[in-house]
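Reading the structure
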Amino acid sequence: MGEVTLRGAVPPRNGKGMKTRNKVILSSAAALVLVGLVLFAIWWSKRGVVTVQTAKVGLQDIAAIVTSSVQIKPPPEDLANVNANSMGKIVELLVHEGDTVKKGQLLLRTEDVQQTAGVQGQRAAIRTEEADLAAQEANVESTKAALNTAQANLSQAQVKLKQSTDTYTRGQQLLKDQLLAPQDFETRLSDYEVAKATVQSSESQLAQARAQANQALSNRDMTKARVSQANAQLMSYSNLLAQTIYASPMNGVITSLPVHLGENVVPGIQNQVGSVLFQVADMSVVTAEVMVDETDVINVKLNQPAEVTIDAVPNKTFKGKVTEIGQSAVSRSTGQTATTSTTSNEEAKDFKVVVTLDNPPPGLRPGLSTTAKVTTATRQNTITVPIQALTIRTRRELEEPVKGSEGKALAAEKAPPTTKDKEREKEEVQGLFVIQNGVAKFAPVETGIMGSTDVEITKGIQPGEEIVTGSYQVLRTLKNNTKIKIEKAPAGGANPGSASSS
């Protein structure tokens, strides 16, 4: 019989082909496992690694500078605002804004009709009083002469009385001895009585003359007082008249003239100043008032150098020095001193520091905007680092073990912290993260002066060490003893300074 083939039957397998296929599958699986192990090893080795920016610590010069935007001003004694002293209309205006004036030069005059009338009327009153005083002086002299006459008459009467008394006394004895006729005695008695009456009359006349002399003196003194009072009143009227005349109080320039001819001005009352007529400033000495923060003012000293730039004079820097340091704090919100301000003591405060320019340019005006930079300290060839590299950690943060380290077990075995330990853990430490063998280690440092971008390090680090400088977010969260990866700086992206980016 012939060979029959059944449809759909499976042909017999080849044993050699199956073995080859199994080997391929096993090899692929082994390769996948190997790749996985390598990837896992790479991931495990980079677990906890932080990418940072770094820089090398170097030496450079550094200066601490206080900067403030202020206005140009002359010293207070070289700036005068002249206000109205009397009410009236401006009838004469002899200057324009920007004119140069001399001390005592007449600049402005207001109407003075009433003041002039008052002066003239008072002068007439003084002349009347002076004429009256002259008459009183003559009366005093007349009463003095009458008093002298009365005194002479009294003296003469007293002499006659003495003579009559002696004659009368002798007559009594002679009459007793019958040596004098009765008629002669009567004559002597009559002479005695007349002399006695004459003395009494002379005494009355003298008292009257003395009273008249005293009255004349009193009238004269009263007239003198009226003359003095009239002169004082004239001085008052003259002062009112002088207040209508305005002269320059100093040599300088008219820097403000807000009034015009024919304008009515009013004087100040109580706490309100009068109308401002003009401002005179002597700009031969120019100052800039710098408002310095309370944390910086302790470093500012007299005669420290300063640099001033004026917006109106571009591309030029002027030298100056500190000539005055305020002793009272000024509130930033109100501008009042601490003794008069009612704001909270928690508010930040400034102190006024005056910088005087050495050689101010001509043509400056009060109020020009300027920027002053006061150099409060300098260091040469000192260790500096970028300010942003400085960071603060508590002792607790520094003592915390890195995530996944063996220190966790040791930390768990520690005894519960005491109150003193807790206080110590809260203590803040200032420092830098230094790179050592790929690990960022926190190094406490002490700082000196601070420049615009760098800060001086006085203790805790040496030149040439590599420190972490960024990024800002990394520095905020970076832990001690963390593994790091240094970020490559872009070409040409390194900033010049005390440290160069790596």
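What counts, and at which threshold
- Residues numbered from 1 in each chain as written.
- Predicted model: local features only at pLDDT ≥ 70, side-chain atom pairs only at ≥ 80, totals over all residues.
- Heavy atoms only, no water.
- Pairing = 2+ DSSP bridges.
- Helix = DSSP H or I, 4+ residues; strand = E, 2+ residues; numbered from the N terminus.
- Phe/Tyr/Trp six-rings, centres within 6.5 Å; stacked < 30°, edge-to-face > 60°.
- Buried < 20%, exposed > 50% of the residue type's maximum accessible area, 1.4 Å probe, protein only.
- pLDDT = per-residue confidence, 0-100.
- Contact = heavy atoms within 4.5 Å.
- Salt bridge = Lys/Arg side-chain N within 4 Å of Asp/Glu carboxyl O.
- Polar contact = N/O pair within 3.5 Å; in protein donor to acceptor, adjacent residues only side chain to side chain.

1. Some remarks on the sheet that holds strand 9 (residues 264–265)
Two modes of strand pairing occur in sheets, parallel and antiparallel, and in both the strands are linked by backbone hydrogen bonds. With respect to topology, four strands assemble into an open sheet ordered 7-6-4-9, the strand pairing being antiparallel. At either margin of the open sheet sits one strand with a lone partner, and together these are strand 7 (245–247) and strand 9. Bridge analysis of strand 4 (residues 88–93) against strand 6 (residues 106–110) gives three bridges, and the strand direction is antiparallel. Bridging across to strand 6, I90 finds its partner in T110.

2. Considering the pairing of strand 8 (residues 252–256)
In this sheet, strand 8 lies alongside strand 5 (residues 100–101) in antiparallel orientation, the contact comprising two bridges. Pairing of T100 across the sheet is with V253, part of strand 8. Both strand 8 and strand 10 (residues 276–281) contribute to a ladder of three bridges, which runs antiparallel. Paired with S256 across the strands is Q279, a residue of strand 10.

3. Re the packing of aromatic side chains
Applying the stated criterion across every chain, the model contains three aromatic pairs. Both rings, one in Y168 and one in Y192, keep their centres 5.1 Å apart while their planes meet at 10°; by these two values the pair is stacked. In this pair, Y168 sits in helix 2 (residues 113–176) while Y192 sits in helix 3 (residues 182–242), placing the two residues 24 residues apart along the sequence. Summarising the burial analysis for this pair, Y168 and Y192 share the class buried. Taken together, Y168, F185 and Y192 form an aromatic cluster joined through their ring pairs.

4. Structural notes on the confidence of the model for the protein chain
On average, residues of the protein chain score 82 in pLDDT, and 82% of them are at 70 or above. Within the model, pLDDT remains below 50 along residues 1–10, and this stretch shows zero contacts once partners closer than five positions in the same chain are excluded. With pLDDT under 50 throughout, residues 41–46 is counted as low confidence; its partners more than four residues away or in other chains account for one contact.

5. A few points about the side chain of S202
For S202, the position within the fold is in helix 3. Accessibility expressed as a relative area gives 5% for S202, which makes it buried. Sequence-distant contacts of S202, defined by excluding residues within four places in its chain, comprise A150, N153, L154 and A157.

6. A short note on the pattern of salt bridges
For the structure on display, the rule yields 11 salt bridges. A salt bridge links R220 to D221; its shortest N-O distance comes to 3.5 Å. You can call R220 buried: its relative accessible area is 18%. Look at D221 and you get partly exposed, because its relative accessible area is 39%. Connected through shared salt-bridge partners, K73, E289 and K352 make up one network.

7. Structural notes on the sheet that holds strand 8
Spatial ordering of the open sheet is given by 3-10-8-5, a layout of four strands whose pairing is antiparallel. Looking along the sheet, the strands with just one partner apiece sit at the ends: strand 3 (79–83) and strand 5.

8. Concerning the side chain of T244
With respect to the helices and strands, T244 occurs in the loop between helix 3 and strand 7. Under the relative-accessibility criterion, T244 is labelled buried at 0%. A distance of 2.5 Å separates the side chain of T244 from the backbone oxygen of L241, its partner in a polar contact.

9. Section: unusual backbone geometry
If you check the backbone angles, Q178 has positive phi at about 55° while not being a glycine. Position of Q178 among the secondary structure elements: in the loop between helix 2 and helix 3. By relative accessible area, Q178 is classed as exposed at 73%.

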